[in-house]
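# Working through the structure, step by step
Letter by letter, the chains look like this.
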Amino acid sequence: MPTGIRPVTDARQRQMAHPQVQAWWQALDCGFAPVADVFEECLYEALSSFDKAQIEAYIGAARFIGKLGRGPEPLLAFLEEWPAVAMAASGDQEPLLPQVMGAIRAMQKSPNSAAITPFLQTLAAVARRLQSAEQIELYIDIALNLMARTSGSIHGHHTTFASPGLPAFFEQAPRLLGLLSTAGLRNWTEFGIRNHGSHPERQVEYFALKSADSRAVLQRERHGTLFADVERTLDLYLRALWRDSELLVPYSTAFDELRRPVPYYDKLGMRVPDVFDDAHGPRGAVSGLDRYRAVLAHMVGHRRWSTAQIADNWSPFQRMAVEFFEDCRIETLLIREYPGLRRIFLALHPQPRQDACDPETTSCLRHRLAMLSRALLDPAHGYTDPVLLAFVQRFHELLSAGESGTAEIAALALAYVTQTRRPSDQLATIHFDDTVIDYRDDNRQLWKFIEEGDEEEAFDAERKLEPGEALRGLPPRRYPEWDDASQTYRPDWVSVYEALHASGSAADIDRLLQKHAALAKHLKRLLDLLKPQDKVRIRHQEEGSDLDLDVAIGSLIDFKSGATPDPRINMSHRTDGRDISVLLLLDLSESLNEKVAGAGSATGQTVLELSQEAVSLLAWAIDCLGDPCAIAGFHSNTRHEVRYQHIKGFSERWDDVVKARLAAMSAGWSTRMGAALRHAGHYLEARRADKKILLLLTDGEPADVDVTEPGHLRADARKAVEELSARGVDTFCLSLDPKADDYVRSIFGKRHLVLDRVEQLPERLPLLYMALTR
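Each value, and the rule that gives it
- Residues numbered from 1 in each chain as written.
- Predicted model: local features only at pLDDT ≥ 70, side-chain atom pairs only at ≥ 80, totals over all residues.
- Heavy atoms only, no water.
- Helix = DSSP H or I, 4+ residues; strand = E, 2+ residues; numbered from the N terminus.
- Contact = heavy atoms within 4.5 Å.
- Buried < 20%, exposed > 50% of the residue type's maximum accessible area, 1.4 Å probe, protein only.
- Polar contact = N/O pair within 3.5 Å; in protein donor to acceptor, adjacent residues only side chain to side chain.
- Axes fitted to C-alpha atoms, helices over the stretch in contact; angles between N-to-C directions.
- Nonpolar A, V, L, I, M, F, W, Y, C, P; charged D, E, K, R; others polar.
- Pairing = 2+ DSSP bridges.
- Patch = residues over 30% accessible without salt bridge, like charges linked within 9 Å, V, L, I, M, F, W, Y side chains within 5 Å.
- Areas by Shrake-Rupley, 256 points an atom, 1.4 Å probe, with all protein chains shown as cover.
- Salt bridge = Lys/Arg side-chain N within 4 Å of Asp/Glu carboxyl O.
- Disulfide = S-S within 2.5 Å.
- Arc of directions from axis to C-beta.
- Phe/Tyr/Trp six-rings, centres within 6.5 Å; stacked < 30°, edge-to-face > 60°.
- Lys NZ or Arg CZ within 6 Å of the ring centre and 35° of its normal.
- Core = buried A, V, L, I, M, F, W, Y, C linked by side-chain atoms within 4.5 Å.
- pLDDT = per-residue confidence, 0-100.

## Describing the overall build of the protein
A count of helices and strands for the protein gives 30 helices and 20 strands. When contacts within the protein are restricted to residue pairs at least 6 apart in sequence, those whose partners lie at least 24 apart make up 72%.

Structure below.
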């Protein structure tokens, strides 16, 4: 039996309680324990996308892949990725599955069977780029052509040597298709075959994007109008036509997987895509250069004519309507100045059909606003809705006397929302077809917030798990992993499964706190010094809410004695509060079950038990301070199964429910640190706080059973820390490994502390928190 592959036990199979799940598991006929661990979660995700016949085809294809003799990796990749592939191809797997299985059979019958795993691992990311079954089939044809022409033969009759470049091609495919069309990918591949087909080492370098000619051909074949090619032209356009010399800053569109970036501007410059394709629509073609011109003109119009509005008392729906109306006002004023812009705007603006959205089953708010936006710009819009026509007339009457203003347009938009709103606008299913106007910026500069309101919290907050909610209802969240050797991300590489931690007895934690009562009393005195005061005086102010009597008397004495008095005789007050959010992330790997070495070994405590004591004291201390805090633990069993367990949420109090989860803490498996840091960071990133701290408690370096390269997971963890830092999250590591100095600095920089005496953890962890948040 191969190393790391465990047989599926009867106990594990009995955990698949549902009879239909057991039937499908038996149909899969698989003996790999890693597959059994995640089969049920993968199946529930597939059931949300496929009908029964499609599920049968899905299981049949998976059974075939599991019998190829390539181990669990290709089967895991297929089970996890195929639902996402089918959804990207318009949700229908029927025309695509035979093509994919045909490619797998072709590779299996040739010496290229080792390429099956990277092919399946990157297929979901490729499908998201291509978005249609036809485009995915073209991609597969390109790959099979590469395989056929670069696989070697001794006597020219039978293929005996695998294609050197095929695995590298599959690994780089998501990145390539983010930069190239399928036609460009074919040309780039053809160049590599023609010039490096008989040189295995050069072929690998070419298809791994490591050679100079590979990158040069990639740049040549890249589709669309590159910002780098037209930057000078656009800068002159801004200066000459709009008298604006703002800095232009491109952002990459190559790796957007969850949300496509949109143009915007801030104090650092005007942000535009690094490439624009030519657009083709019913109103004619628009070149990539003209698309850049439309984006810049729209942002210049906002900079010139828009005024930021206070958004605190407006709902998100009202703000959306204001943005649509204000965008149309800006474009109307731009067209007055340069009438030729109307052709570009109308060619890029979608024209929704009036009957395209069903208000009985779908939220049609975006659809109505997109139709209205089209009607405000296009005199020949053809819509017949009387309310829409009435507001088009009111809009043009408002602008007939001049430029109008943002406040007046906002009032008109609010009137439109009041008159047209429907109960179905609150439905979760939203009509998006023909509603995205991609040359408009994100309107971030149109709003200002005085304070955080309930509505913003409601719309931005993560959904809370109900007590006892089953893990199987939550599909995995997939994260990329940094490959330091190629300096690229492996897309959708790690699957993170999250759930509420199991519960134990809260009384156990109370006993731990009682054990450290003396330490808690000492900490209480320190915590009282850190608690925020209600008011703090700000003295020596020329204008303020109160007279600073001491300074005023001194100024009067100076005046009477002929000296120049100090005019700063007032004072004001501000609230002295702590605006901090903290997430404590616990490494729950198998090594925590080891006994504590050294002075504390006489007690027979494990590192896990000491960690429970320390976390209990820290949670109590944070609750005394009133800081929002979350606690979670993680461990991993290969990249396919990173378990992230919620122990305490930000909104939960330090009560018996949380104590019970902490009491049931257990350790096992390995430490895939980068994925856990990214997942914890996405919760912290959503918090509105001046200071966001991710505190990691670990007893070892990143490691997992499926990783043989010693520095790979270290590099990925370092990259995760850099990503979090760029998003405003400070990461700090408290390591219990005496040998951590060899690696922890390379991951966390100076933001770490190595605790040589583990038995001091209950005392040092709360003190460390106070130092970090002081």
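## A word on the side chain of His-712
Along the chain, the position of His-712 falls in helix α28 (residues 712-726). The exposure class assigned to His-712 is buried, which follows from its relative accessible area of 5%. Here Arg-490 takes part through its side chain, which lies 3.5 Å from a polar atom of the side chain of His-712. Those residues in contact with His-712 that lie beyond four places of it in its chain are Glu-481, Trp-482, Asp-483, Arg-490 and Val-707.

## Concerning the packing of helix α2 (residues 19-28) against helix α4 (residues 52-66)
At a minimum axis separation of 8 Å, α2 and α4 run at an interaxial angle of 35°. Side by side, α2 and α4 meet where Trp-24, Ala-27 and Leu-28 of the first sit next to Ile-55, Glu-56, Ile-59, Ala-62 and Arg-63 of the second. Across the contact of α2 with α4, the residue classes tally to 6 nonpolar, no polar and 2 charged.

## Looking at the sheet that holds strand β15 (residues 580-587)
The 8 strands lie next to each other as β10-β11-β17-β16-β15-β18-β19-β20, forming an open sheet whose pairing is mixed. Strands with a single pairing partner mark the edges of an open sheet, and in this sheet they are β10 (477-483) and β20 (752-754). Strand-to-strand twist of the sheet, defined as the mean angle between neighbouring strand axes without regard to direction, takes the value 25°. Bridging between strand β19 (residues 729-735) and β20 involves 3 bridges; their strand directions are parallel. The residue of β20 that forms the bridge with Leu-734 is Leu-753. In the packing of helix α27 (residues 673-685) onto the sheet, the strands contacted are β10, β11 (488-500), β15, β16 (629-636), β17 (642-648), β18 (691-698) and β19, and the crossing angle to β18 comes to about 150°.

## Some thoughts on a nonpolar patch on the surface
Together, Leu-547, Leu-549, Ile-553 and Ile-557 make up an exposed nonpolar region whose accessible area comes to about 390 Å². With respect to the helices, strands and loops of the structure, Leu-547 is situated in strand β13 (residues 546-547). The exposure class of Leu-547 is partly exposed, given its relative accessible area of 47%.

## Side note on the environment of Val-582
Mapped onto the secondary structure, Val-582 falls in strand β15. Residues Val-582 and Ile-631, spaced 49 residues apart in sequence, show a C-alpha to C-alpha distance of 8.6 Å. Apart from residues lying up to four places away in sequence, Val-582 is in contact with Pro-628, Cys-629, Ala-630, Phe-650, Leu-684, Ile-693, Tyr-769 and Thr-773.

## Quick word on the state of the cysteines
This structure, assessed with the given rule, holds 1 disulfide. Here Cys-357 engages in a disulfide with Cys-364; their sulfurs sit 1.9 Å apart. In this structure the cystine formed by Cys-357 and Cys-364 twists about its S-S bond by roughly -85°; its chirality is therefore left-handed. Each member of the pair, Cys-357 together with Cys-364, is buried.

## A closer look at the pattern of salt bridges
Applying the stated criterion across every chain yields a total of 43 salt bridges. Residue Asp-484 pairs with Arg-718 through a salt bridge whose shortest N-O separation is 4.0 Å. Of the two residues, Asp-484 sits in the loop between β10 and β11 while Arg-718 sits in helix α28, which places them 234 residues apart along the sequence. Classification of Arg-718 as partly exposed rests on a relative accessible area of 26%. Note that Glu-701 and Arg-714 form a salt bridge whose closest N and O atoms lie 2.6 Å from each other. Pair noted here: Glu-701 is in the loop between β18 and α28 and Arg-714 is in helix α28, with a separation of 13 residues, a long-range link. Classification of Glu-701 as partly exposed rests on a relative accessible area of 30%. Within the structure, one salt-bridge network assembled from shared partners comprises Glu-481, Arg-672, Asp-704 and Asp-706.

## Topic: helix α22 (residues 506-515)
Buried within α22 we find Ala-506, Ile-509, Leu-512 and Leu-513. Seen from one end, α22 has its buried residues packed into an arc of 115°, which puts them on one side. Pointing more than 90 degrees away from the buried face of α22 are the exposed residues Arg-511, Gln-514 and Lys-515.

## Structural notes on the sheet that holds strand β3 (residues 264-266)
Spatially, 3 strands are ordered β2-β4-β3 in an open sheet, and the strand pairing comes out mixed. Sheet topology places β2 (248-251) and β3 at the edges, where each strand pairs with a single neighbour. On average, adjacent strands in this sheet sit at an angle of 30° to one another, irrespective of strand direction. When β2 meets strand β4 (residues 269-273), the two strands line up parallel, connected through 4 bridges.

## A look at the packing of aromatic side chains
Inspection of the entire model under this criterion finds 20 aromatic pairs. Taking the centre distance of 5.6 Å and the plane angle of 85° together, the rings of Trp-314 and Trp-447 count as edge-to-face. Highlighted residues: Trp-314 in the loop between β8 (309-310) and α16 (316-337) and Trp-447 in strand β9 (residues 447-448), separated in sequence by 133 residues. Here the two residues Trp-314 and Trp-447 agree in accessibility, since each one is buried. In textbook terms, an aromatic cluster arises when at least three aromatic residues are bridged by ring pairs, as seen for Phe-119, Tyr-139, Phe-169, Phe-170, Trp-188, Phe-191, Tyr-206 and Phe-207. If you follow Arg-304 out to its NZ or CZ, it ends over the ring of Trp-305, 5.4 Å from the centre.

## Considering the nonpolar core
Ranked by size, the top nonpolar core spans 75 residues in total, and within it Tyr-58, Trp-82, Phe-119, Tyr-139, Phe-169 and Trp-188 carry the most contacts. Looking at which element gives the most residues to this core, the answer is helix α5 (residues 72-88), with 9 residues. Listed in part, the 62 residues of the second largest apolar core include Phe-276, Leu-346, Met-371 and Ile-437.

## A few points about the confidence of the model for the protein
Close inspection of predicted coordinates is inappropriate for parts of the model with low pLDDT. Across the protein, the average pLDDT comes to 84, with 89% of residues at 70 or higher. In this model residues 254-258 is a low-confidence stretch, pLDDT under 50, and it forms 11 contacts with partners more than four residues away in sequence or in other chains. Segment residues 453-473 is flagged for pLDDT under 50; beyond a separation of four residues in sequence, or across chains, it makes 33 contacts in the model.

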